[in-house]
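Here are the chains, one letter per residue:
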Amino acid sequence: MSTQSEAALEAGLIATLLQMDYEYVQIVEEDNMYANFKRQLEVHNRKRLEEHGRSEFTTEEFEKILIYLEGGTRFEKAKKLRDLYPLDTADGQRIWVEFLNRQQWCQNEFQISNQITVEGRKKCRYDVTILINGLPLVQIELKRRGVELKQAYNQIQRYHKTSFHGLFDYIQLFVISNGVNTRYFANNPNSGYKFTFNWTDAANHPFNELDKFAIFFLEKCTLGKIIGKYIVLHEGDKSLMVLRPYQFYAVEKILDRVQNSNDNGYIWHTTGAGKTLTSFKAAQLVSELDDVDKVMFVVDRHDLDTQTQSEYEAFEPGAVDSTDNTDELVKRLQSNSKIIITTIQKLNAAVSKTWYSSKIDAIRHSRIVMIFDECHRSHFGDSHKKIMKFFDNAQIFGFTGTPIFTENAVDGHTTKEIFGNCLHKYLIKDAIADENVLGFLVEYYHGNEIVDNDNQARMEEIARFILNNFNKSTFDGEFDALFAVQSVPMLIRYYKIFKSLNPKIRIGAVFTYAANNSQDDEQTGMGTGKYVSESVGEADELQSIMDDYNENYGTSFTTENFRAYYDDINLRMKKKKADMKPLDLCLVVGMFLTGFDSKKLNTLYVDKNMEYHGLLQAFSRTNRVLNEKKRFGKIVCFRDLKQCSDVVIEKALKRALLHPVLLGYLYSLGGCKGWRKQIDYCLLLSVERIFIEDILNVQCRLFEILRQFDCSFHCQQVDTGLITFSASPSC
């Protein structure tokens, strides 16, 4: 590969941007930047100035603007960028100064400069700077071809420590490139290289080359829209977040559908790909449309209602209204609330019971957009039909990581039948390739022998195995784990076994003490398990577990305030608050296996029957990207789920239209029986990365993967030109 210097890359990029109608401005040092900023701000606010019979700011007025912009943290400055500044003039007038046009994002002033010299703790020169209305909002760092891109990222981190100040605190986005690999990320220092992203087209094909990236991402209207609409100011972390390309395209598809048709649709984004942020931005932008009366975000469980409300509040406090009960939902529907979060159960009650429906009859014909979370569940029965019949002018959109197709349909119904066409796809193979989610390492313990699952000795051995291996799996408690079991009675027995072993880790449990003790359903168990006991007082047992929890954490939960108990477990599992003692291992039956999103969860123990999308949903609790230490989601199975896993793989491979030549390989990594651990395969995922490469690269990529698992293997070239593999782990 030929080399290309940084200077040549820089010159080529500037030439490309000039062809895209950027204005070049020579800025040697900061003084030149302030003078240019004044001129550009006057151009951008020309109409506002003309309303007062003027064309420029006085020196004193511009000093006021600079003093206003200078104060605050980087996060607070990002807010100022998006706000209007009330400039009081010497003659008693007020001019509302705009720094960024977020509504007509093309109507901003775009400039480029290069080699701007800034002197902080060190004197630095920045490669290429994009200025919008005179403010440096995008900084581009280049490295010559052949240099590892991470060096450019590290250099920006050094700039944060040594030179960025003043107007450069208003940078919103960074772009790094070595010519053949180009990535972007929000101005959020030390978030890590993992949170840099490639830009892609709507079909998830990346624009790695700098010239292509510039044409598609740095196009003035696209860049203006991303900065104006698709950067989220995360109030919880006081940080900037920029949407990934698939999130951007999904929201754009929904906006287009709402503005230009009455058709419904769904978004198929793999579990762990940031669905909450995507849905928040979709709800927020749809609610800003003039002809939309309300946006409802509908979940199918209270715990997801609480979690979504918490996450939405972290993005923007007060942006949405939650509903603790049906009475509250009805009040919100009658009010001026634009975005409402509720459950499908409350919404069904509101439209089904005359006491409630009569109060909201006035809005049943209103333009309401409903966004359904996890739309592969709870939308195939009477509740959904009643809701849609009542709100006869509603437009619905669904988000799912595991859509229902004909082959895994519930009573013959599919996601497409309920929600219409898929508007955008981002599959698990895409997420793995982009390193937006992790692969899985699946281990089987006693997985291939027929055993009595209810056997006390078996359960005790499993409990000892978990305790003995917990620190190794979770890096001495830096991460935490879930243990999914078949039924509530089995969970209670496991909890008592763990307690009798005097564990050094903190163990808790959560379950719904309902009539259906086993809590099997179409998503998690397929009803193939059996009760351990038919006569257990679940409420009393849950209270006993809560009493242990209260003693450990100084809380006072009872079954009467179960929701608060659930929310507390949720917080402790996420390990976000330094002053909260974490929960290391949580025993569950159905809860937390869908929808629960925690980067600190890296291990799932399974003594439960699972199939298809329920299995993939549960496994995907562990695959959130966090840091270099968390390389995969670890799954330890105590039942023989291999056949079910194989079905998931086969269907996922077919859905992803991957090359069938390595399908046999996925099944070949097995066969070790007995009470020994069996490393089976990186389910779906790390192996799936092979398919992204040209088939000629498969051999060496496969060998790399196999070496990670200490496998013996051989490779055979066949006459068709395809490659077949067989391998067996060292057991």
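Residues numbered from 1 in each chain as written. Predicted model: local features only at pLDDT ≥ 70, side-chain atom pairs only at ≥ 80, totals over all residues. Heavy atoms only, no water.

**A look at the overall build of the chain**
Looking only at helices and strands, one finds 25 helices and 26 strands in the chain. Expressed as a percentage of its 731 residues, the buried residues of the chain come to 57%. For the chain, the share of sequence-separated contacts (at least 6 apart) that also reach a separation of at least 24 residues comes to 72%. When the accessible area of the chain is evaluated, it comes to approximately 30300 Å², of which 47% is carbon and sulfur surface. (Helix = DSSP H or I, 4+ residues; strand = E, 2+ residues; numbered from the N terminus. Buried < 20%, exposed > 50% of the residue type's maximum accessible area, 1.4 Å probe, protein only. Contact = heavy atoms within 4.5 Å. Areas by Shrake-Rupley, 256 points an atom, 1.4 Å probe, with all protein chains shown as cover.)

**Some words on the pairing of strand β4 (residues 110-119)**
Judged by how many residues are buried, β4 sits mostly within the fold: 8 of 10 residues are covered. Strand direction decides the pairing type here: strand β1 (residues 23-24) and β4, joined by 2 bridges, are parallel. Its bridge partner being in β4, Tyr24 is matched across the sheet by Ile112. Direction of pairing for β4 relative to strand β5 (residues 123-132): antiparallel, over a ladder of 9 bridges. Bridge pairing in β5 links Ser113 to Thr129. (Pairing = 2+ DSSP bridges.)

**Considering helix α15 (residues 382-390)**
Those residues of α15 lying buried are His384, Ile387 and Phe390. For α15, the buried positions fall inside an angular range of 135° around the axis, keeping them on one side. In α15, the exposed positions that point more than 90 degrees away from the buried face belong to Asp382, Lys385 and Lys389. Packing partners of the buried residues in α15 comprise α13 (344-352), α14 (354-357), β15 (368-372), β16 (395-400) and α16 (415-419). (Arc of directions from axis to C-beta.)

**Notes on the nonpolar core**
In this structure, Phe99, Ile130 and Leu218 are the most contacted members of the largest nonpolar core, which totals 102 residues. Residue contributions to this core peak at 7 residues, all from helix α9 (residues 245-260). Counting residues in hydrophobic clusters, the runner-up holds 64 residues, among them Ile428, Phe465, Ile492 and Met546. (Core = buried A, V, L, I, M, F, W, Y, C linked by side-chain atoms within 4.5 Å.)

**Overview of the confidence of the model for the chain**
Averaged over all residues, the pLDDT of the chain equals 81, while 78% of them reach at least 70. Segment residues 653-731: pLDDT under 50, and 155 contacts once partners within four positions in sequence are set aside and those in other chains are kept. (pLDDT = per-residue confidence, 0-100.)

**With respect to the pattern of salt bridges**
Applying the stated criterion across every chain, the model contains 21 salt bridges. Between Lys629 and Glu478 there is a salt bridge, with its nearest N and O atoms 2.8 Å apart. One end of the pair, Lys629, is in the loop between α22 (612-619) and β23 (632-637); the other, Glu478, is in the loop between α18 (456-473) and β19 (480-485), and 151 residues separate them in sequence. Look at Glu478 and you get partly exposed, because its relative accessible area is 25%. Of the charged contacts, one joins Arg572 and Asp568 as a salt bridge, the two residues approaching to 2.7 Å between their closest N and O atoms. Of the two residues, Arg572 and Asp568 are both situated in helix α21 (residues 562-574); the distance of 4 residues between them amounts to about one turn of the helix. In this structure Asp568 comes out as buried when scored by relative accessible area, which is 11%. A single salt-bridge network, built from bridges that share partners, covers Lys79, Glu235 and Lys238. (Salt bridge = Lys/Arg side-chain N within 4 Å of Asp/Glu carboxyl O.)

**Here's the deal with unusual backbone geometry**
With a phi angle near 55°, Gln115 is a residue other than glycine that sits in the positive phi range. By relative accessible area, Gln115 is classed as partly exposed at 26%. For Asn133, which is not glycine, the phi dihedral falls at a positive 55°. Its location among the elements puts Asn133 in the loop between β5 and β6 (135-142). Residue classification places Asn133 among the buried residues on the basis of a relative accessible area of 0%.

**Observations concerning the packing of aromatic side chains**
Overall, the coordinates contain 44 aromatic pairs when judged by the stated rule. Aromatic side chains Phe475 and Phe479 sit 5.8 Å apart centroid to centroid with 70° between the ring planes, which places their arrangement in the edge-to-face category. Judged by its relative accessible area of 36%, Phe475 is partly exposed. By way of ring pairs, the aromatic residues Tyr126, Tyr153, Tyr159, Phe164, Phe168, Phe174, Phe185 and Tyr193 are connected into one cluster. Of note, Arg364 hangs over the ring of Phe390, and the distance from its end group to the ring centre comes to 4.4 Å. (Phe/Tyr/Trp six-rings, centres within 6.5 Å; stacked < 30°, edge-to-face > 60°. Lys NZ or Arg CZ within 6 Å of the ring centre and 35° of its normal.)

**A short note on the sheet that holds strand β8 (residues 182-186)**
On the basis of which strands lie adjacent, the open sheet formed by 6 strands has the order β1-β4-β5-β6-β7-β8 and mixed pairing. The sheet terminates laterally at β1 and β8, the two strands that pair on one side only. Note: β5 against β6, 5 bridges, orientation antiparallel. By the bridge assignment for β6, Ile132 is matched with Leu135.

**Considerations on the environment of Glu29**
Considering the arrangement of structural elements, one finds Glu29 in the loop between β1 and α2 (30-44). You can call Glu29 partly exposed: its relative accessible area is 42%. Linking Glu29 and Gln115, residues 86 residues apart in sequence, is a C-alpha distance of 9.1 Å.

**Describing the environment of Tyr68**
Mapping Tyr68 onto the fold places it in helix α4 (residues 59-70). Under the relative-accessibility criterion, Tyr68 is labelled partly exposed at 21%. The sequence separation of Tyr68 and Leu87 amounts to 19 residues, and the corresponding C-alpha distance is 9.8 Å. Setting aside chain neighbours within four positions, we find Tyr68 in contact with Lys80, Tyr85 and Phe99.

**Notes on the packing of α13 against α15**
Their axes nearest at 9 Å, the elements α13 and α15 cross at an angle of 55°. Classified by the interaxial angle, the pair formed by α13 and α15 is oblique. As α13 runs across α15, the sense of the crossing is left-handed. Across the interface between the two elements, Ile344, Leu347, Asn348, Val351 and Ser352 of α13 pack against Ser383, Lys386, Ile387 and Phe390 of α15. For the contact of α13 with α15, the class distribution of residues is 5 nonpolar, 3 polar and 1 charged. (Axes fitted to C-alpha atoms, helices over the stretch in contact; angles between N-to-C directions. Parallel < 35°, antiparallel > 145°, perpendicular 65-115°, else oblique. Left-handed = near helix turned anticlockwise from the far one by under 90°. Nonpolar A, V, L, I, M, F, W, Y, C, P; charged D, E, K, R; others polar.)

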